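Summary of structural features
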Amino acid sequence: MIADTASLHTFVQAFHFIADNPGVLLSKTGDQLELSGAALGIAAGIALPLGVILGHFHRFSGLAIGASIFGRGLPSLVLIGAFLTVLGIGFVNNMVALAVLGTGPILTTAYEAVDRADGDAVEAARGMGMTGAQILRRIELPLGVPLLFTGIRISAVTIVATAPIAAIAGGGGLGDIIVNQASYRLSGVIAASLCVMVLSAAVYSALYALQGTLTPRGLRRTTLDQAPLSRKEQQ
Amino acid sequence: MIRKHTRRAAKAAFAISLGVAIVIGLFAAAFTHPAHAQTTKAPTIIVGTKNFPEEFVLGQLYKQALQAKGFKVSYKENIGSTELMTTALQSGKINFYPEYTGVIVQDVFHHANSPKTAGATFRLAARLEKAKGYSLLRPTPFYDTDVVAVTNATAKKYGLKSIGDLKKVGAFKLGGFPECKTRNTCFVGYTRQYGLTKASFLPLAGISAYAALDAGKVLAADVFSTDPPLGKNSKYTVLKDPKHVTGFQNVAPIAKTTLVKAYGKRFVATVNSVSRLLTLNAIVAMNKAVEVDKQSAAKVASAFLEANHLK
Amino acid sequence: MGGKPVIPNFGKGSSCVTGDHFFCWDWVHQHWNDTLGPALWQHVELTAIAVAIGFALAFPLALLAHRFRPLEQPIGVVSALVYTIPSLAAFQLLVPFTGITWTTVEIALVAYTLVILFPNIVTGLRSAPEEVIEAARGMGLTRRQVLTRVELPLAVPAIIAGLRIAVVSTVAIGTIAATLLPKGLGYPMLLALKEPTPFKTEIYSTGILAVALALACDAALVILRRALVPWARRSA
């Protein structure tokens, strides 16, 4: 038997840990959300406009698509290490490292969302005399919401899931517990790990719900949100 | 459609790749499988180390010295701090590692106060460990205690000379490796013995305490007396510890008694021959080589052993 | 008590190293053999084993799911669940069961690889156009022949795409394995981060090596694909 009673016991202890230490876990979770949120904000702030504009003009597709492939291959530890040397330890260096990590998916999906907006609709709009900006605002963006949000969701989950490693560089959050087995025992480490998983799932669901409210009514029936990356990356 | 020979080539390539993948997987599984319970007479010597450079050097010294005398040694570096080492030792994952005598007395066995001399500390530690089935081999001449350091600027600002002076500061953060928080030779000792009721602890799990001091994240930090940054012309002031909270901390290798019995006098003599040579100058020089000159611990240990004819 | 020990000259680090300048080539050169090289090979080993086993598991699973459609959904859900487990946590979660060993690391890495490869292989197998399969059946090919002569060759681009993602991801996640075991490119980096002053050169060199390794593997797979399927459309 792989799992002996001792190992399962540790898992049970993890739940005890959660029950006994709600304050610590909550505050660490809060820190992690703060760090992740800031990173996501920066990533989206840069990648969304950039991707949308590139997609609208159908330029630099290689860059846009390559960004997420490159992002996947960039070891988070490397990013955190590199930025630590430049920006010191604390909040900022980790925020920047995580933001870099999160930019890829958003850039790619933003690009694709606008690039692939229904060609017919765009043509029709042009025929009606709409300017480029109007097309972007009234047609491409609304149509692209599902895809856009997919990218934001993926990026958010990636950032939240990677944030624990930032504890090594002073980033705080649940990672503080996970890398600190000596103080918190294995039960604490497992408890914090479970919390991270729950947090990722919660962030994912919250964004999914948000996406639902922002999707234009006409589009709501279609579910265009299987992650397009796997399809695109096939080719 | 698909041309015949290309189709065959694709098929063949696939079969080969799949075959290679499976073969690699099987080989790897066979080789990475730990050599469980080799039913040989003597147990394997498994040397472990804690998670900081001085321990890496010590571990490499003992490992290489033993290997030079023909012993078979398995090596597990960077396991963790004392608490994790104790767990590893008790679960049999390691059966030998270099530990500090005061840490044994005050942190492993939770005595609130340290004995009055280095010798007394060693003897007490040896007695305590023996009862649990572990032997303490001879201690090193050097000792490496925890010390509380502040930046020179901070020391000047508050007029800090000893740990007790920190009371003047009021509320402040003390940073250190995570286990410090619950140790008698560390945070618990500092706050209790010196009445630092307003101090709070900041665990530093992966970042150096000196970096935290420089960045102003903490006012004071728990560091080690043999650290290179505390050497000549240091940027930091070490606060005196008149109450000897941090105890006496010579290094004495802990070995499972059954291991010592199995390998006998030659094993003990080999280990002791290394320990005997570790003076403060020697360990500081080796620490500096690893931490400042960025040499590898293995090479440094090797050079030292060769220079002293132990290898 | 013995006499004083002889303290040899351990070789002073260059001023570049002691001053922690941006990047010290001499350190890299000097320590290739004892630090960087071994870490790199360990990392290659780590990745190779994970991808090999992951592929060996994913491939038959994908074939099964291709044959019995209902299987795809549950396997897909499990895969998605596995991927949400942050790697740092994954390693720790396995420790109570398999201890602090290569096995723990590999189980986690294999899981991630599997999760990436499975959907890609399935999608690849499905990519054969209906008409082509119809035509093949019409020509009298058995189900197995349709698989081996039509569906598999057409699946190669998707499979290689999956392998590329899997290898690159594994190299990245492999660096985090160092939080558990002192192996792989993540280990020198973790040590360098911890030191009194983070040692820039070591951090950068291990980082560059990790990225270079990922890129090299990716390029190798692209070349492999060109060799296997010269007719496939070039990637975007």
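Residues numbered from 1 in each chain as written. Chains lettered and ligands numbered in written order. Predicted model: local features only at pLDDT ≥ 70, side-chain atom pairs only at ≥ 80, totals over all residues.

So, on to the overall build of chain B. Secondary structure assignment for chain B yields 11 helices and 10 strands. Sequence-distant contacts, at least 24 apart, represent 76% of the contacts inside chain B between residues at least 6 apart. (Helix = DSSP H or I, 4+ residues; strand = E, 2+ residues; numbered from the N terminus. Contact = placed C-beta atoms within 7 Å.)

Attention shifts here to the pairing of strand 8 (residues 220–224) of chain B. Residue and element names in this part refer to chain B. Burial within strand 8 is extensive, with 5 of its 5 residues counted as buried. On strand 8, burial covers both faces: Ala-220, Asp-222 and Phe-224 on one face and Ala-221 and Val-223 on the other are all buried. Where strand 5 (residues 146–151) meets strand 8, 4 bridges bridge the pair, whose relative direction is antiparallel. Of the residues in strand 8, the one forming a bridge with Ala-149 is Ala-221. Judged from the 2 bridges that link them, strand 6 (residues 172–176) and strand 8 form a sheet pairing that is parallel. (Buried ≥ 20, exposed ≤ 12 C-beta atoms within 10 Å, placed from the backbone. Pairing = 2+ DSSP bridges.)

Here we take up helix 5 (residues 102–126) of chain C. Between the first and last C-alpha of helix 5 of chain C there are 36 Å, a value that for 25 residues agrees with the 36 Å anticipated at 1.5 Å per step. Along helix 5 of chain C, 20 of the 25 residues are buried, which leaves the element largely enclosed by surrounding structure. (Expected span 1.5 Å × (residues − 1).)

With that out of the way, let us pick up the domain arrangement of chain B. Residue and element names in this part refer to chain B. As assigned here, chain B comprises domain 1 (45–143 + 248–307) and domain 2 (146–239). Taken over C-alpha atoms, the centre of domain 1 sits 26 Å from the centre of domain 2. Opposite the 16 residues of domain 1 that make contact, domain 2 presents 7 residues. Sorting the residues of the side of domain 1 that touches domain 2 by element identifies helix 3 (82–90), helix 4 (101–108) and helix 10 (280–291) as the ones contributing at least two each. It is helix 10 that contributes the most residues to the side of domain 1 that touches domain 2, 5 residues altogether. Along the lines of polarity and charge, the residues of the side of domain 1 that touches domain 2 split into 5 nonpolar, 6 polar and 5 charged. (Domains from an automatic or database assignment. Nonpolar A, V, L, I, M, F, W, Y, C, P; charged D, E, K, R; others polar.)

This next bit is on the interface of chain C and chain A. With 38 residues of chain C at the contact, the number on the chain A side is 40 residues. Contributing elements (two or more residues each) for the side of chain C that touches chain A: helix 4 (87–98), helix 5, helix 7 (143–176), helix 8 (186–194) and helix 9 (200–228) of chain C. For the side of chain C that touches chain A, the leading source of residues is helix 7 of chain C, giving 10 residues. Class assignment for the residues of the side of chain C that touches chain A results in 26 nonpolar, 10 polar and 2 charged.

For Gly62(A), the location among the structural elements is in helix 3 (residues 61–73). What makes Gly62(A) exposed here is the crowd of 10 C-beta atoms within 10 Å.

Glancing now at the confidence of the model for chain B. All names here are of chain B. This prediction gives chain B a mean pLDDT of 85; 86% of its residues lie at or above 70. Here residues 32–39 scores under 50 on pLDDT; set against residues more than four positions off or in separate chains, the count is 4 contacts. ipTM for the predicted complex: 0.74, alongside a pTM of 0.78. (pLDDT = per-residue confidence, 0-100.)

Residue and element names in this part refer to chain B. Across the sheet, which stays open at both edges, the 5 strands sit in the order 7-6-8-5-9 with mixed pairing between neighbours. The open sheet has two edge strands, strand 7 (199–203) and strand 9 (236–239), and neither has a second partner. Between one strand and the next, the sheet's axes are offset by a mean angle of 35 degrees, whatever the strand orientation. (Axes fitted to C-alpha atoms, helices over the stretch in contact; angles between N-to-C directions.)

What follows covers the pairing of strand 7 of chain B. Residues and elements named next belong to chain B. Of the two faces of strand 7, the one lined by Ala-199, Phe-201 and Pro-203 is fully buried and the one lined by Ser-200 and Leu-202 carries no buried residue. The sheet contact formed by strand 6 and strand 7 spans 5 bridges and is parallel. Bridging across to strand 7, Gly-175 finds its partner in Leu-202.

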